[in-house]
Amino acid sequence: MTNSVRRTPLIAGNWKMNLDHLQAIAFVQKLAWGLADAKHDASSVEVAVFPPFTDLRSVQTLISADKLPIAFGAQDVSEHESGAYTGEISGAFLAGLDCRYVIIGHSERRTLHAESDEQVAAKVKAALKHNLAPIICVGETAEDLEKHGQSAVPVAQLKAAIEGISSTVDIVVAYEPVWAIGSGQAATPEQAEQVAAALRAVLVETLGEDVAAKTRILYGGSVKASNIAGFMREPNVDGALVGGASLDLTEFSSIVRYQKHVGL
Ligand code: PGA
């Protein structure tokens, strides 16, 4: 049942702390030209970019003025609405810039900024309050993998992140094994599918069959043009969250066009 619904694949580029607003404009413009040349059909694969906060206004202006078939979002959001939180960015501000998505709980936030499961859950609620679709990142470290196997930590993180949210919401889940991020060593498609299936079971249990059936689950961690096809063949993997390779225009464009080079 959950796999009989067609989910539009999402290829999302997480730029992390790269590309300033001028570089962002040039990148998005060239990406759009490439998509137009390739007669990209946005209803068959959705493309989204996640620039640093300081680029969002420029990216919004370009995308809306030229009606480019590229979605965009932020890499993080505050769990607070407004007030004395120096350096934080409210979901209201992101919604005001037409962001469609926001990445929440990326492993770099969890590790480098000590973000807890509770904070991730609060951020998910803050995003939903402003109709931003959270891309909820979950994944195990190499140590977790050894101690608890592959699915236990991602499953526990997802349960914590969506606790208490309503069953009608628009969310995306990204399974990103921490050991695969930026390491050049991606999970195998089979490993990604196994965890994605376990995560979909959590969605069924928590939000019901219908929401689980339409929710996209992405794989992330050393995705490249040469390995994307294998992930996209898996029934529970509905796209990719791409880091390093999203900064290389040729590579990212090729990932977006995975259907062409594998005949999917
Ligand atoms: P990577 O990063 O593609 O460079 O491994 C993925 C991510 O951090 O989202």
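Please refer to the structure placed before this passage.
No experiment lies behind these values; they were computed from the predicted model shown.

The rules behind these values
- Residues numbered from 1 in each chain as written.
- Predicted model: local features only at pLDDT ≥ 70, side-chain atom pairs only at ≥ 80, totals over all residues.
- Heavy atoms only, no water.
- Salt bridge = Lys/Arg side-chain N within 4 Å of Asp/Glu carboxyl O.
- Buried < 20%, exposed > 50% of the residue type's maximum accessible area, 1.4 Å probe, protein only.
- Helix = DSSP H or I, 4+ residues; strand = E, 2+ residues; numbered from the N terminus.
- Pairing = 2+ DSSP bridges.
- Axes fitted to C-alpha atoms, helices over the stretch in contact; angles between N-to-C directions.
- Phe/Tyr/Trp six-rings, centres within 6.5 Å; stacked < 30°, edge-to-face > 60°.

Student: Tell me about the pattern of salt bridges, and name the residues and values.
Tutor: In this structure the tally under the stated criterion is 13 salt bridges. Among the salt bridges present, the one from Arg109 reaches Glu115, with a minimum N-O distance of 3.1 Å. Judged by its relative accessible area of 7%, Glu115 is buried. The closest approach of N and O atoms between Asp238 and Arg200, which form a salt bridge, is 2.8 Å. In this pair, Asp238 sits in the loop between α10 (228-232) and β8 (239-242) while Arg200 sits in helix α8 (residues 189-207), placing the two residues 38 residues apart along the sequence. Of the two residues, Asp238 and Arg200, both sit in the buried class. Beyond isolated ion pairs, a larger network of salt bridges with shared partners links Glu46, Arg100, Asp170 and Arg216.

Student: Residues and numbers for the sheet that holds strand β7 (residues 216-220), please.
Tutor: Around the barrel, eight strands lie side by side as β1-β2-β3-β4-β5-β6-β7-β8; this closed barrel has parallel pairing. Within the sheet, the average angular offset between the axes of one strand and its neighbour, ignoring direction, is 25°. Bridging between strand β1 (residues 10-14) and β8 involves four bridges; their strand directions are parallel. Across the sheet, residue Ile11 finds its bridge partner in β8, namely Ala240.

Student: Explain the packing of aromatic side chains residue by residue, including any values.
Tutor: For the structure shown, the criterion picks out four aromatic pairs. Ring centres of Tyr219 and Phe231 lie 4.3 Å apart, and the angle between their planes is 15°; on these two criteria the pair is classed as stacked. Taken together, the residues Tyr219 in strand β7 and Phe231 in helix α10 connect sequence positions twelve residues apart. No difference in accessibility class separates Tyr219 from Phe231, as the two residues are buried. Three or more aromatic residues link up through ring pairs in this structure, and these residues are Tyr175, Tyr219 and Phe231.

Functional significance is not addressed by these values, which are geometric in nature.
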